[in-house]
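The lines below spell out each chain.
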Amino acid sequence: MPSTLNNIAKQGEYGSAMMPVIQGVGRAAIEIAAVLRGAVLRGALGAAGGENVQGEQQQMLDVLSDEIFLEEMRSTGFVCAVGSEEQEELLVIEEYSHADYLVLVDPLDGSSNLDVDGPVGTIFSVVKRKTPNSETPHVSDTLQSGRHVIAAGYVLYGPSTMLVCSVGAGVHGYTFNPAAARFELSHADMRIPESGGYYSVNEANKAKWADNMGENLIRLKQEKGLGMRYVGAMVADMHRTILKGGVFLYPADDKNVTGKLRLLYEAIPMGFIMEQAGGKSMSKDIAVLDIEPEALHQRVPVYLGSKDNVDSLLG
Ligand code: AHG
Ligand code: MN
Ligand code: MN
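Predicted model, so just to flag it, every value in this text is computed and none were measured.

1. Some words on helix 2 (residues 60-76)
For an α-helix, the turn length of 3.6 residues means that residues three or four places apart are oriented alike.
Link 1 in the chain: With 17 residues, helix 2 should cover 24 Å at 1.5 Å per step; its first-to-last C-alpha distance of 25 Å lies within 8% of that length.
Link 2 in the chain: Restricting attention to buried positions, one finds in helix 2 the residues Leu61, Asp62, Ser65, Asp66, Ile68, Phe69, Leu70, Glu72, Met73 and Thr76.
Link 3 in the chain: In this structure, the buried residues of helix 2 make contact with helix 1 (15-38), strand 2 (57-59), strand 3 (79-84), strand 4 (91-92), strand 5 (101-109) and strand 6 (120-128).
Link 4 in the chain: Phi turns positive, to about 80°, at glycine 77, one or two residues after helix 2.

2. Let's talk about the nonpolar core
Link 1 in the chain: Within the largest apolar cluster, 44 residues are counted, with the highest numbers of intra-cluster contacts made by Tyr154, Met234, Met238, Ile242, Met270, Val302 and Leu304.
Link 2 in the chain: Sorting elements by how many residues they give to this core places helix 5 (residues 263-276) first, with nine residues.
Link 3 in the chain: Inspection of this core shows a minimum of three residues originating in each of domain 1 (5-187) and domain 2 (198-314).
Link 4 in the chain: Leu36, Leu61, Ile68 and Ala151 belong to the second largest nonpolar core, which has 40 residues in total.

3. Looking at the layout of surface pockets
Link 1 in the chain: The calculated volume of the largest pocket comes to roughly 640 Å³.
Link 2 in the chain: Lining of the largest pocket is provided by 33 residues; of these, Glu56, Ser112, Gly232, Lys260 and Arg262 occupy positions nearest its centre.
Link 3 in the chain: For the lining of the largest pocket, the elements supplying multiple residues, two or more each, are strand 2, strand 5, helix 4 (234-244), strand 13 (246-250) and strand 14 (261-262).
Link 4 in the chain: Its residues assigned to classes, the lining of the largest pocket comprises seven nonpolar, twelve polar and 14 charged.

4. Details of the pairing of strand 6
Link 1 in the chain: Buried residues dominate strand 6, accounting for eight of its nine residues.
Link 2 in the chain: As paired strands, strand 5 and strand 6 are joined by seven bridges and run antiparallel to one another. Its bridge partner lying in strand 6, valine 103 is registered against valine 126.

5. Structural notes on the sheet that holds strand 3
Link 1 in the chain: Taken in spatial order, the eight strands line up as 4-3-5-6-7-8-9-10 in an open sheet, and their pairing is mixed. Two strands close off the open sheet at either side, each with one partner strand: strand 4 and strand 10 (182-187).
Link 2 in the chain: Relative to strand 9 (residues 172-177), strand 8 (residues 161-166) is paired through four bridges, and the arrangement is antiparallel. Counted as the bridge partner of methionine 162 is threonine 175 from strand 9.
Link 3 in the chain: On the sheet, helix 1 packs against strand 3, strand 5, strand 6, strand 7 (151-157), strand 8, strand 9 and strand 10 and is oriented at approximately 20° with respect to strand 7.
Link 4 in the chain: Sitting on the sheet, helix 2 is in contact with strand 3, strand 4, strand 5 and strand 6, with an inclination near 155° to strand 5.

Criteria and thresholds
Residues numbered from 1 in each chain as written. Chains lettered and ligands numbered in written order. Predicted model: local features only at pLDDT ≥ 70, side-chain atom pairs only at ≥ 80, totals over all residues. Heavy atoms only, no water. Helix = DSSP H or I, 4+ residues; strand = E, 2+ residues; numbered from the N terminus. Expected span 1.5 Å × (residues − 1). Buried < 20%, exposed > 50% of the residue type's maximum accessible area, 1.4 Å probe, protein only. Contact = heavy atoms within 4.5 Å. Core = buried A, V, L, I, M, F, W, Y, C linked by side-chain atoms within 4.5 Å. Domains from an automatic or database assignment. 1 Å grid on protein atoms, 1.4 Å probe; cavity = no way out; pocket = protein on both sides within 12 Å on 5 of 7 lines; lining within 4 Å. Points joined across faces, edges and corners; volume = space filled by probe spheres on them. Nonpolar A, V, L, I, M, F, W, Y, C, P; charged D, E, K, R; others polar. Pairing = 2+ DSSP bridges. Axes fitted to C-alpha atoms, helices over the stretch in contact; angles between N-to-C directions.

The following block contains the structure:
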């Protein structure tokens, strides 16, 4: 009998509390994967006509994935509010506003890949509220450093749909088995290789990078002899980095002066997974998980990978 997401209940201090939430992520993933698969045939590719709070054009599939994810979090009964890339404000789930947990989510990551049938993902993390359960959850409940994250993970919509997550007891990957309609453990205890692998970055921005990163990357390449891969979807690039080794980076640049990737629903969940997989997660001179968040949609530079590669890049 294969291990399923039920397995999570046995992991770490928060496994049993987090299992229903992660099962909810799994249900959202199954639904989002199905929507993605048929989108081109239903005319659901392309812009939705609105902008998100970051001033980025929302795709129809960004909006749909957001709705699906919110609905599945609501259905768990354990989530009082969701902070999403696609929602300017914290979304309070009124009927469960007394519940203990908040979820931060990038419902559809790498959405520029949609037009070319490339891989995309979902990224999430879970924190416990700070306000009393008798009060309405507040955005300040989301502003907790990565050291307070209870569970985090991502879904990769590729040739198969994979849910990779951690409740603070290692990183485990589950692959959706369509024949059994469930996620089954396929990648137990994922650990990033200490050497080898690839560097992964949008190198077209090199001339604009801050912090001398252009020179540092040249040095890293000379020292480590890494190959290069870049999908342009953080989930896909991070998944490869964890399995094959190397480093994923998105430095600050002239255009994105504080970095491009969002702290609460991209950098922290991926930083948590990278640390749990034995790697290192830096945002220049501070660990991603040590940053004290100031805003829901805050952006930061990220350097995530094996210790040696991250140190060499930032050294
Ligand atoms: P999103 O689609 O959620 O806005 O995220 C896109 C992010 C991330 O997935 C990826 O690593 C990065 O943007 C790619 O940016 P560039 O196109 O600037 O390389
Ligand atoms: Mn994203
Ligand atoms: Mn997104």
